[in-house]
Amino acid sequence: MTDTETLRSTWLARVADAGDAPALEEVRLAALGKKGEISGLMKELGRMTPEERQTRGADLNRLRDEIDTALRVRRTAMDDAALDARLKSEWLDVTLPGRPRPSGTIHPVSQVMDEVTAIFADMGFSVAEGPQVESDWFNFDALNIPPEHPARQEHDTFFMARAEGDDRAPHVLRTHTSPVQIRAMQAQGAPIRVIAPGRVYRMDMDQTHTPMFHQVEGLAIGRDISMANLKWTLEEFCRAFFEVPAVELRFRASHFPFTEPSAEVDIRCDWSGGQLKIGEGESWLEILGSGMVHPKVLSAAGVDPAEWQGFAFGMGIDRIAMLKYGIPDLRAFFESDLRWLRHYGFAAGDVPSVAGGLSR
Ligand code: PHE
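Calculation rules
Residues numbered from 1 in each chain as written. Predicted model: local features only at pLDDT ≥ 70, side-chain atom pairs only at ≥ 80, totals over all residues. Heavy atoms only, no water. Near = heavy atom within 4 Å. Polar contact = N/O pair within 3.5 Å; in protein donor to acceptor, adjacent residues only side chain to side chain. Areas by Shrake-Rupley, 256 points an atom, 1.4 Å probe, with all protein chains shown as cover. Helix = DSSP H or I, 4+ residues; strand = E, 2+ residues; numbered from the N terminus. Nonpolar A, V, L, I, M, F, W, Y, C, P; charged D, E, K, R; others polar. Domains from an automatic or database assignment. Salt bridge = Lys/Arg side-chain N within 4 Å of Asp/Glu carboxyl O. Buried < 20%, exposed > 50% of the residue type's maximum accessible area, 1.4 Å probe, protein only. Contact = heavy atoms within 4.5 Å.

1. What to know about the site of the ligand
Inference 1: The immediate surroundings of the ligand are formed by 14 residues, with His-176, Ser-178, Arg-202, Gln-215 and Gly-314 found nearest.
Inference 2: A distance of 2.9 Å separates a nitrogen atom of the ligand from a polar atom in the side chain of Ser-178.
Inference 3: At 2.9 Å, a side-chain N or O of Gln-215 approaches an oxygen atom of the ligand.
Inference 4: Here the ligand loses 91% of its free accessible area of 330 Å² to cover by the protein chains.
Inference 5: Top element by residues in the shell around the ligand is strand β10 (residues 309-316). It accounts for 3 residues.
Inference 6: Residues belonging to the shell around the ligand are distributed by class as follows: 4 nonpolar, 8 polar and 2 charged.

2. A closer look at the domain arrangement of the chain
Inference 1: Taken domain by domain, the chain holds domain 1 (4-80) and domain 2 (108-346).
Inference 2: Relative placement of domain 1 and domain 2: their C-alpha centres are 94 Å apart.

3. What to know about the pattern of salt bridges
Pairs may arise between side chains of opposite charge once their charged atoms sit close together.
Inference 1: Using the criterion set out here, one finds 26 salt bridges in the structure.
Inference 2: Linking Glu-235 and Lys-231 is a salt bridge whose minimum nitrogen-to-oxygen distance equals 3.4 Å. Placement of the pair is Glu-235 and Lys-231 together in helix α9 (residues 227-242), with a separation of 4 residues, close to one helical turn.
Inference 3: Here Asp-266 and Arg-250 are joined by a salt bridge, their closest N and O atoms 3.0 Å apart. Pair noted here: Asp-266 is in strand β7 (residues 259-270) and Arg-250 is in strand β6 (residues 249-256), with a separation of 16 residues, a long-range link.
Inference 4: By relative accessible area, Asp-266 is classed as buried at 2%.
Inference 5: On the basis of relative accessibility, which here comes to 32%, the residue Arg-250 falls in the partly exposed class.

4. With respect to the environment of Pro-197
Inference 1: Note on placement: Pro-197 falls in strand β4 (residues 192-201).
Inference 2: Residue class for Pro-197 comes out buried when judged on its relative accessible area of 19%.
Inference 3: It is 24 Å that separates the C-alpha atoms of Pro-197 and Arg-268, two residues lying 71 residues apart in sequence.
Inference 4: Sequence-distant contacts of Pro-197, that is, excluding residues within four places in its chain, are made with Met-113, Thr-117, Val-127, Ala-128, Gln-215, Val-216 and Ile-317.

Take a look at the structure:
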């Protein structure tokens, strides 16, 4: 075997034996690096005769190229193998089902507020808001409930504390959403069409009463808005909300200091068989108070009662939620029992249903 052939088989064997990239690099340096064996042999060419140099030089060049090629091939094979291994270990099955994460539900009260808002928005009502801690003027006086009026006692009011020595009338937790009537008229004047959903507070607790509950106030003031408009609006609302075309309302004469005349409104329903049906049967369930806004209330809010008139109503949101979704006990609404919330709650995607609601 000639010298170059020995070199060739030795180096190609070393290339083939290199187990990984660093080992391969060592082989490359040992053969072709500045101090490598092949490089060293090539330096010796300078000391040879031109004839010797011609054959020896050509042999060494070929050898160098051969080793270089072998190194590259081996290097590529190593890279490919490494990539294959990575692809195998990092393999991801995109067809696997996702891991379920616990997700909350929309509370029936929130759902019903959205539904109510959507239906009244369709009828041209915008949403107004007021504070839950209210001055006694907005909660009572402006609504024609003077300090000595018996209605103040009936409201079972929660009072806020005043600082020692401050004998102004204490603020209250609003007992109804009616103060928002005043705030909205003060802010917008007349004509006006607003609803005001929100929390209200009264000291009361049994199967149908909780100390905090929800109302939605409605207010429509114009030049000739009448009780007939009130009746149509409420019937139209109930048809859309309960999704029952044959919904029947009963207007019962009543009294509120802030409306004249006043009416409480009941809805016809049927409890027989333990299942609640709206629009049939012999039972009536009260769902709201209403009436024509009292002239004194308009005046208190800066609206001239000689020019403007209209209706207002206050509806129990929790009540109508119980009715629509067949939820028997009001107290459960606010106990945050996860089993209850999962059962009666709504998925985030449930859009308020107004479908087929309003006849125009
Ligand atoms: N504020 C009354 C209540 O809470 C309801 C109501 C509102 C009645 C507007 C008439 C007009 O009982």
